Amino acid sequence: MSWSRVVHDLDEARAALAEPGEALDLRAPTRLDGDWADLGFVELVAGELVRSLEVRLPDLAATRALGARLGAALRPGDLVVLTGPLGAGKTSLAQGLGAALGVCGAVTSPTFVLARAHRGPLPLLHVDAYRLRGAAAGDPTLLDDLDLDEGLEQGVVAVEWGEGLVEALTHERLHVELRRPEDETDGTPGGRVARVVPYGQRWSVVPAAES
Ligand SMILES: Nc1ncnc2c1ncn2[C@@H]1O[C@H](COP(=O)(O)OP(=O)(O)OP(=O)(O)O)[C@@H](O)[C@H]1O
Ligand SMILES: [Mg+2]
């Protein structure tokens, strides 16, 4: 997938968006005005517009495959924030991450243990902050016990229900928002849709990772 094509003007952006291929992340060093917004760009940090990837996931295998594709682009210090309602596929995506990272042990829901460290060539710390999210939003020190900083030093950290909790850890992070399309009455039965939003300069220098 092409992660990080920088576009400089609207014509270039339109041309790139017209290319076939589901996965395209364009960023433009400019200001968000109506034209850029119309093309689906958002301003994540001042002066940096990003157009996220939206990927349709017809089944569980597709969710894991997206995780594996993202996982193949990860390196130590990367934070992946997994969001979406209950049962959206966050753990399934983390399973794909784990497979790509080559970690030991089955990646299963860490809802009750909160965090599970998987050893491997690129270790994965898999966190489920569901039970913390209310309390930790008011008291960030509740996250300290999970040693997320150490997890980032050693490898990759993936946090389910992490939105609003872990952003302070690093500006360089990848958000994956999962949802069920039928919730949106777009007529598509089953499956999921993932929206991948990269934050920070780190993702502007990731080389294309072909699936
Ligand atoms: N693309 C998909 N299409 C259909 N079903 C899927 C898809 N991806 C995952 N699932 C299924 O959705 C269910 C929930 O998946 P998963 O446990 O990964 O969700 P979750 O977001 O981690 O849930 P929780 O909020 O409880 O942590 C599983 O039965 C899984 O097989
Ligand atoms: Mg889960």
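A few points on the structure. (Residues numbered from 1 in each chain as written. Chains lettered and ligands numbered in written order. Predicted model: local features only at pLDDT ≥ 70, side-chain atom pairs only at ≥ 80, totals over all residues.)

**Here's the deal with the overall build of the protein chain**
A count of helices and strands for the protein chain gives 6 helices and 11 strands. Within the span of the protein chain, comprising 211 residues, buried residues form 39% of the whole. Restricting to contacts in the protein chain with at least 6 residues of sequence separation, those with at least 24 account for 58%. (Helix = DSSP H or I, 4+ residues; strand = E, 2+ residues; numbered from the N terminus. Buried ≥ 20, exposed ≤ 12 C-beta atoms within 10 Å, placed from the backbone. Contact = placed C-beta atoms within 7 Å.)

**Some words on the sheet that holds strand S10 (residues 173-179)**
As summarised here, the arrangement of the 7 strands in space is S5-S11-S10-S6-S9-S8-S7, forming an open sheet in which the pairing is mixed. Two strands close off the open sheet at either side, each with one partner strand: strand S5 (53-57) and strand S7 (115-118). Sheet twist, expressed as the mean angle between neighbouring strand axes with direction ignored, is 15°. As defined by bridge partners, strand S8 (residues 124-128) adjoins strand S9 (residues 156-160) across 5 bridges and the pair is classed as parallel. Counted as the bridge partner of Leu-124 is Val-156 from S9. In this fold helix H4 (residues 90-101) packs onto strand S6 (79-83), S7, S8, S9 and S10, with an angle of close to 170° to the strand it touches most, S9. (Pairing = 2+ DSSP bridges. Axes fitted to C-alpha atoms, helices over the stretch in contact; angles between N-to-C directions.)

**Quick look at the site of ligand 1**
In the neighbourhood of ligand 1, 18 residues make up the surrounding shell, with Thr-63, Gly-89, Lys-90, Thr-91 and Ser-92 lying closest. The class makeup of the residues in the shell around ligand 1 is 5 nonpolar, 9 polar and 4 charged. (Near = placed C-beta within 6 Å. Nonpolar A, V, L, I, M, F, W, Y, C, P; charged D, E, K, R; others polar.)

**Things to note about H4**
If you check H4, its first and last C-alpha atoms are 17 Å apart, about what 12 residues at 1.5 Å a residue would give, namely 16 Å. The element H4 is largely enclosed, with a buried count of 11 among its 12 residues. When we look at burial in H4, the residues that qualify are Lys-90, Thr-91, Ser-92, Leu-93, Ala-94, Gln-95, Gly-96, Leu-97, Gly-98, Ala-100 and Leu-101. Looking at the packing, one finds that the buried side of H4 touches helix H3 (60-71), S6, S7, S8, S9 and S10. Gly-102 sits one or two residues past H4 and shows a positive phi near 75°. (Expected span 1.5 Å × (residues − 1).)

**Concerning the nonpolar core**
Membership of the largest hydrophobic core comes to 51 residues, with the highest contact counts inside it found for Val-80, Leu-97, Val-156, Val-157 and Ala-158. In terms of residues, this core owes the most to one element, H4, which gives 5 residues. Looking at this core, you find at least three residues from each of domain 1 (1-51) and domain 2 (54-204). Once residues within four sequence positions are removed from consideration, Val-80 is found in contact with Leu-97, Val-156, Ala-158, Leu-174 and Val-176. (Core = buried A, V, L, I, M, F, W, Y, C linked by C-beta atoms within 7 Å. Domains from an automatic or database assignment.)

**Remarks on unusual backbone geometry**
The backbone of Asp-147 sits at a positive phi, close to 55°, despite the residue not being glycine. Tracing the backbone through its elements, the reader meets Asp-147 in the loop between helix H5 (133-138) and helix H6 (148-154). In this structure Asp-147 comes out as partly exposed when scored by C-beta crowding, with 16 C-beta atoms within 10 Å. If you check the backbone angles, Trp-161 has positive phi at about 60° while not being a glycine. Along the polypeptide, Trp-161 turns up in the loop between S9 and S10. Under the C-beta neighbour-count criterion, Trp-161 is labelled buried, with 22 such atoms within 10 Å.

**Here we look at H3**
For H3, with 12 residues, the first-to-last C-alpha span of 16 Å sits near the 16 Å given by 1.5 Å per residue. The inward-facing, buried residues of H3 abut S5, H4, S10 and strand S11 (192-199).

**Let's talk about the pairing of S10**
For S6 and S10, the ladder comprises 5 bridges, and the chain directions are parallel. Within the sheet, the bridge partner assigned to Thr-83 lies in S10 and is Glu-177. As defined by bridge partners, S10 adjoins S11 across 7 bridges and the pair is classed as antiparallel. Its bridge partner lying in S11, Arg-179 is registered against Val-193.

**Looking at the environment of Leu-26**
Mapping Leu-26 onto the fold places it in strand S2 (residues 24-28). Between the alpha carbons of Leu-26 and Phe-41 there is a distance of 8.3 Å; along the sequence they are 15 residues apart.

Note that all results are geometric; they support no functional claim without further evidence.
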